[in-house]
Amino acid sequence: MERERRVGQVLSVGDREVMHRGVSANTKWALCEEVVSPKNFPELKNDTFLRAAQGQTTRYVPVWCMRQAGRYLPEFQETRAGQDFFLTCRTPEICCELTLQPLRRFPLDAAIIFSDILVIPQALGMEVSMVPGKGPTFPEPLKEVEDLLRLRQKVDVSAELGYVFSAITLTRHRLEGRVPLIGFSGAPWTLMTYMIEGGASSTMSKAKRWLYQHVDASHRLLRLLTDVIVDYMVGQVKAGAQALQVFESHAGCLGPTQFAEFSLPYLQDISRRVKDQLKAESLEPVPMIVFAKDGHYALEELSRSDYEVVGLDWTVSPWEAREQTGNEVTLQGNMDPCALYAPKEKIDEIVKKMIEEFGTQRYIANLGHGLYPDMDPEHVRAFVEAVHKHSLNLNEHMGPALLENSS
């Protein structure tokens, strides 16, 4: 009975006291985890996000937010109090709880599993820690070509990243079909930058030096990362993920020439191989999203990279994005996250303009980047509700035929 009572609940005061003592907290959460199987999932009740991703007609514009499970939520901070970040990532029960928290507050149309892109370098054998006030830190980053020998050349993703798969399966069941669940991974170039820089960097100069001085070694590392990412993303689908997003967060540090050599081919390889592997294993295909932040110079190429959705940051206009992508893919984005600091009335105006410029079809509303820790949850609610309100109004003005096609 204790297991049944505790599953899916936010930590109590007593639990927080246990968590401050470290490992015992993880043990307590582990004891209350359910043993769940990646099958017999509840029927999906809201497929608006998936329909939009697949280019189908929708009654309204679906919306979710990058980093929607994050520190801006008081309950998120309460759940994670005193807990090491990557220990949290390795605890499926807590990942599930964090994933569900924004769904309890806001009428979002998708959930994204709580995890981190840097679990892949960890799976390759690198040590990564999350240092308060500093961010991700690699005590021993890759400095010389010979350091590639330190990396596992073959990764068993089930053994090294099975905790992510368990979190996805558990969350998929706990969602009870409310909305689809998104899995994700960092892209090869973005992961490479962290592994060489040793953490965050404004210039990525150490990683870019490799592109000029160690071209072959750079491609060797990017191929290794691609191999792991493909297996990892297929594993997420097997575990229950209903869509996948690839984060090329550091595309802006590359110009068009370097992007075409060191990023785009690997992004294309990931989408092609994931789809091929899912087909080979008789698994249903899932829509894939590519988000190359500051990669507006490559939108046309990205739209032809076999991803159903291209994510946008706020530095590109909707009409320009539509023009470059030829309306061949669904677009996702792209409100400036800092617009959430505006009064709610202004947020409503910004969203209305954004919806009008993108249109209501082949479109998923999101921010141009993730939510920041100091944002007001009520302003996030204003954003989400404004997307639904204005897109419904626009669709109603377009006539009943559109609404009938979306049912």
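For the structure, see preceding data.
Because the structure is a prediction, the values reported are computed rather than measured.

Colleague: Would you mind going over the pattern of salt bridges with me for this structure?
Modeller: Charged atoms that come close allow side chains of opposite charge to pair. For the coordinates displayed, the defined rule picks out 19 salt bridges. Note that K293 is salt-bridged to D294, the shortest N-O span being 3.1 Å. Classification of K293 as buried rests on a relative accessible area of 14%. Measuring nitrogen to oxygen at the nearest pair gives 3.0 Å for the salt bridge that ties R304 to E300. Residue class for E300 comes out partly exposed when judged on its relative accessible area of 40%. Via salt bridges that share partners, D227, D269, R272, R273 and D276 belong to a single interconnected network.

Colleague: Help me understand the environment of L340 in this model?
Modeller: Residue position: L340 is located in the loop between β8 (330-335) and α17 (344-358). Counting along the chain gives 37 residues from L340 to P377, while the straight-line C-alpha distance between them is 9.4 Å. The residues contacting L340, other than those within four sequence positions of it, are M335, I347, L367, L371, M375, H379, V380 and F383.

Colleague: I tried to follow the packing of helix α11 (residues 205-213) against helix α12 (residues 215-239) on my own but got confused; where do I start?
Modeller: When two helices pack together, their arrangement is given by the angle between their axes and by how far apart the axes lie. Viewed as axis vectors pointing N to C, α11 and α12 meet at an angle of 120 degrees, and their least axial separation amounts to 5 Å. Of the residues in α12, those touching α11 at W210, L211, Y212 and Q213 are V215, A217 and S218. The residue makeup of the contact of α11 with α12, split by class, is five nonpolar, two polar and no charged.

Colleague: Any chance you could explain the sheet that holds strand β5 (residues 243-248) here in plain terms?
Modeller: Pairing in this open sheet of seven strands is parallel, and the strands run β1-β4-β5-β6-β7-β8-β9 from one edge to the other. Each having just a single partner strand, β1 (111-112) and β9 (363-367) make up the two edges of the open sheet. Sheet topology note: the strand β6 (residues 288-292)/strand β7 (residues 309-311) ladder contains three bridges and is parallel. If you follow I289 over to β7, its bridge partner there is V309. Packing of helix α14 (residues 264-280) onto the sheet brings it into contact with β5 and β6, and relative to β6 it is tilted by some 170 degrees.

Colleague: What is the right way to read helix α18 (residues 377-397) from this model?
Modeller: Quick reminder: α-helices carry 3.6 residues per turn. Residues three or four places apart thus point the same way. Its 21 residues give α18 an end-to-end C-alpha distance of 31 Å, which sits within 8% of 30 Å, the value for a rise of 1.5 Å per residue. For α18, the complete set of buried residues consists of P377, H379, V380, A382, F383, V384, A386, V387, H388, H390, S391 and N395.

Colleague: How should the environment of L108 be read in this particular structure?
Modeller: Tracing the sequence through the fold places L108 in the loop between α7 (92-105) and β1. The spacing of L108 and F49 is 59 residues in sequence and 9.5 Å in space, taken between C-alpha atoms.

Colleague: Would you explain the side chain of T58 in this entry?
Modeller: Within the element layout of this structure, T58 appears in the loop between α4 (48-53) and α5 (74-80). Overall, T58 belongs to the buried group, its relative accessible area being 3%. Of the polar contacts made by the side chain of T58, one reaches the backbone oxygen of Y60; its length is 3.0 Å.

Colleague: So what exactly am I meant to see when it comes to the packing of aromatic side chains here?
Modeller: Each aromatic ring pair is summarised here by two numbers: the centre-to-centre distance and the angle between the ring planes. Overall, the coordinates contain eight aromatic pairs when judged by the stated rule. Between the aromatic rings of F184 and F247, the centroid separation amounts to 5.6 Å while the plane-to-plane angle is 85 degrees, which identifies the pairing as edge-to-face. Here F184 is found in strand β4 (residues 181-186), whereas its partner F247 is found in strand β5, with 63 residues between them in sequence. Summarising the burial analysis for this pair, F184 and F247 share the class buried. Consider the rings of F259 and Y297, whose centres lie 5.5 Å apart with planes at 85 degrees: the pair is edge-to-face. In this pair, F259 sits in helix α13 (residues 256-262) while Y297 sits in the loop between β6 and α15 (299-303), placing the two residues 38 residues apart along the sequence.

Colleague: It is not clear to me how unusual backbone geometry should be interpreted in this structure. Could you clarify?
Modeller: Glycine aside, residues mostly have negative phi angles, and peptide bonds mostly take the trans form. The omega angle of the peptide bond from G333 to N334 is -10 degrees, so this bond is cis rather than trans. With respect to the helices, strands and loops of the structure, N334 is situated in strand β8. With a phi angle near 55 degrees, S282 is a residue other than glycine that sits in the positive phi range. Topologically, S282 is positioned in the loop between α14 and β6. At D294, a residue that is not glycine, the phi angle is positive and equals roughly 65 degrees.

What counts and what doesn't
- Residues numbered from 1 in each chain as written.
- Predicted model: local features only at pLDDT ≥ 70, side-chain atom pairs only at ≥ 80, totals over all residues.
- Heavy atoms only, no water.
- Salt bridge = Lys/Arg side-chain N within 4 Å of Asp/Glu carboxyl O.
- Buried < 20%, exposed > 50% of the residue type's maximum accessible area, 1.4 Å probe, protein only.
- Helix = DSSP H or I, 4+ residues; strand = E, 2+ residues; numbered from the N terminus.
- Contact = heavy atoms within 4.5 Å.
- Axes fitted to C-alpha atoms, helices over the stretch in contact; angles between N-to-C directions.
- Nonpolar A, V, L, I, M, F, W, Y, C, P; charged D, E, K, R; others polar.
- Pairing = 2+ DSSP bridges.
- Expected span 1.5 Å × (residues − 1).
- Polar contact = N/O pair within 3.5 Å; in protein donor to acceptor, adjacent residues only side chain to side chain.
- Phe/Tyr/Trp six-rings, centres within 6.5 Å; stacked < 30°, edge-to-face > 60°.

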